[in-house]
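Notes for the structure review
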Amino acid sequence: MLKAVVFDLGGTLLHYESARADLRELNKQGLVALYRYLSANGRTALPEATVLNVVTSHVMEEWRVALASFRGSSVEAPVKAALAELGIIFSDGQWQAARRAFYAPIQQAVEPRQDVRPTLQALSEQGVALCLLSNTFWAGDIHDEDLTRFDLLDLLPTRLYSCDTGRLKPHPEAFRMALTALGVEPNEAVYVGDRLTTDIEPARKVGLWGILIKTSFREEPLEDVMPDAVISELPELVRLLEHRI
């Protein structure tokens, strides 16, 4: 019997990527916005290219190490470390303002997937527990703000962001954390995600049913990894799971 549905975030419930910008491009836009904020507020007279090169180098190294060890991490730590290397130090209050500048273009790009709230609401009303399990290099409170803006936060009371849990998918521990938080067994849960190797394959190895949701911004070749089901948009999920509830 199905007791829980665990969702990925980006590409599954909300679109961060688009035909115009992938995640790396969005991160770059955030860093450019951060530099312009610092420059406009007299925090640096260094050229934009100099600052961006140093910060990007720190960010990419942090992400490389995190991926290699499946360790959850936040973009904010390497950004602050890089800026400190350039002589730009923040008080807590100053950093709160600066990080807002960084996240502004990223949050402006976010769009909800089709009928996301009606889908979550329908599952919740049928007694299915809902959970979010996402690899997040951006801060969890920012994603919570995005969910609030699209009226979704109340339907996802259990949210596990890798930047907070310290564990990246596809490591099996990430999925076990979600199962433990929900109090369910693997065969009582479904995982819905938009990436085969990060979402579907590891979820199935742990024992969850893995459902791939397609995105128009990226092709996921159904070759080595076969999901238990494939949907194009979220409303299909309710119909698909009816016989398991």
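Description of the structure in this document.

Definitions and cut-offs
Residues numbered from 1 in each chain as written. Predicted model: local features only at pLDDT ≥ 70, side-chain atom pairs only at ≥ 80, totals over all residues. Heavy atoms only, no water. Buried < 20%, exposed > 50% of the residue type's maximum accessible area, 1.4 Å probe, protein only. Helix = DSSP H or I, 4+ residues; strand = E, 2+ residues; numbered from the N terminus. Pairing = 2+ DSSP bridges. Axes fitted to C-alpha atoms, helices over the stretch in contact; angles between N-to-C directions. Contact = heavy atoms within 4.5 Å. Core = buried A, V, L, I, M, F, W, Y, C linked by side-chain atoms within 4.5 Å. Expected span 1.5 Å × (residues − 1). Bend = angle between axes of the 7 residues up to and from the residue. Phe/Tyr/Trp six-rings, centres within 6.5 Å; stacked < 30°, edge-to-face > 60°. Lys NZ or Arg CZ within 6 Å of the ring centre and 35° of its normal. Salt bridge = Lys/Arg side-chain N within 4 Å of Asp/Glu carboxyl O. Disulfide = S-S within 2.5 Å. Polar contact = N/O pair within 3.5 Å; in protein donor to acceptor, adjacent residues only side chain to side chain.

The alternating pattern of strand 1 (residues 4–7) places A4 and V6 on one face and V5 and F7 on the opposite face, and all of these are buried. Here strand 1 pairs with strand 4 (residues 129–134) via 4 bridges, running parallel. Bridge pairing links A4 to A129 in strand 4. In this sheet, strand 6 (residues 189–193) lies alongside strand 1 in parallel orientation, the contact comprising 4 bridges. Bridge assignment links F7 to a residue of strand 6, and that residue is V192.

So, about the sheet that holds strand 6. Taken in spatial order, the 6 strands make up an open sheet running 5-4-1-6-7-8, and their pairing is parallel. If you trace the sheet from one side to the other, it starts and ends with strand 5 (158–161) and strand 8 (229–231), each paired once. For this sheet the average axis-to-axis angle between neighbouring strands, irrespective of direction, equals 20 degrees. Lying over the sheet, helix 6 (residues 140–149) contacts strand 4 and strand 5, oriented at roughly 140 degrees with respect to strand 5.

Counting 58 residues, the largest nonpolar core has V5, F7 and L83 as its most contacted members. With 6 residues, helix 1 (residues 23–40) is the single largest residue contributor to this core. If we skip the residues at most four places from it in the chain, L83 touches L34, L38, V51, V55, I88, F90 and W95. Among the nonpolar cores identified, the runner-up in size contains 16 residues, and C131, F175, L179 and L182 belong to it.

The omega torsion across K169 and P170 is 15 degrees, close enough to zero to call that bond cis. Mapped onto the secondary structure, P170 falls in the loop between helix 7 (162–165) and helix 8 (172–182). Here the phi dihedral of D115 falls at roughly 50 degrees; this positive angle occurs in a residue that is not glycine. Within the secondary structure layout, D115 lies in the loop between strand 3 (111–112) and helix 5 (116–125).

The subject of this paragraph is helix 4 (residues 92–108). For helix 4, built from 17 residues, the straight-helix expectation of 24 Å at 1.5 Å per residue is met to within 8% by its first-to-last C-alpha distance of 24 Å. Along helix 4, the sharpest kink reaches roughly 35 degrees, centred on F102 and followed within four residues by the proline P105. Where helix 4 is concerned, the buried positions are W95, A98, R99, A101, F102, Y103, P105, I106 and Q107. Here the buried face of helix 4 lies against helix 1, helix 3 (76–85) and helix 6.

The next thing to look at is the packing of aromatic side chains. Remark: the centre distance and the inter-plane angle together describe each pair of aromatic rings, the angle taken between the planes. Enumeration over the complete set of coordinates arrives at 5 aromatic pairs. Ring centres 5.2 Å apart and planes at 75 degrees place the aromatic pair F175 and Y191 in the edge-to-face group. One end of the pair, F175, is in helix 8; the other, Y191, is in strand 6, and 16 residues separate them in sequence. A single burial state applies to F175 and to Y191, both of which are buried. The ring of F90 is capped by R43, whose NZ or CZ atom sits 5.1 Å from the centre of that ring.

Quick look at the pattern of salt bridges now. For the coordinates displayed, the defined rule picks out 20 salt bridges. A salt bridge links E17 to R218, with the nearest nitrogen and oxygen atoms 3.3 Å apart. One end of the pair, E17, is in the loop between strand 2 (14–15) and helix 1; the other, R218, is in the loop between strand 7 (209–213) and strand 8, and 201 residues separate them in sequence. Across this residue pair, the class does not change: E17 and R218 are buried.

Moving on, we come to the state of the cysteines. A full pass over the atoms with the stated rule returns 0 disulfides. With no disulfide of its own, C131 has C163 as its nearest cysteine by sulfur position, at a separation of 14 Å.

A few words on the environment of A81. Tracing the backbone through its elements, the reader meets A81 in helix 3. Residue class for A81 comes out partly exposed when judged on its relative accessible area of 39%.

Let us look at the side chain of R99. Take R99: it is sitting in helix 4. Overall, the relative accessible area of 5% leaves R99 in the buried class. Within the structure, R99 has its side chain in polar contact with the side chain of E76 (distance 2.8 Å). Non-local contacts of R99, meaning those with residues more than four positions away in its chain, are made with E76, A139, D141 and I142.

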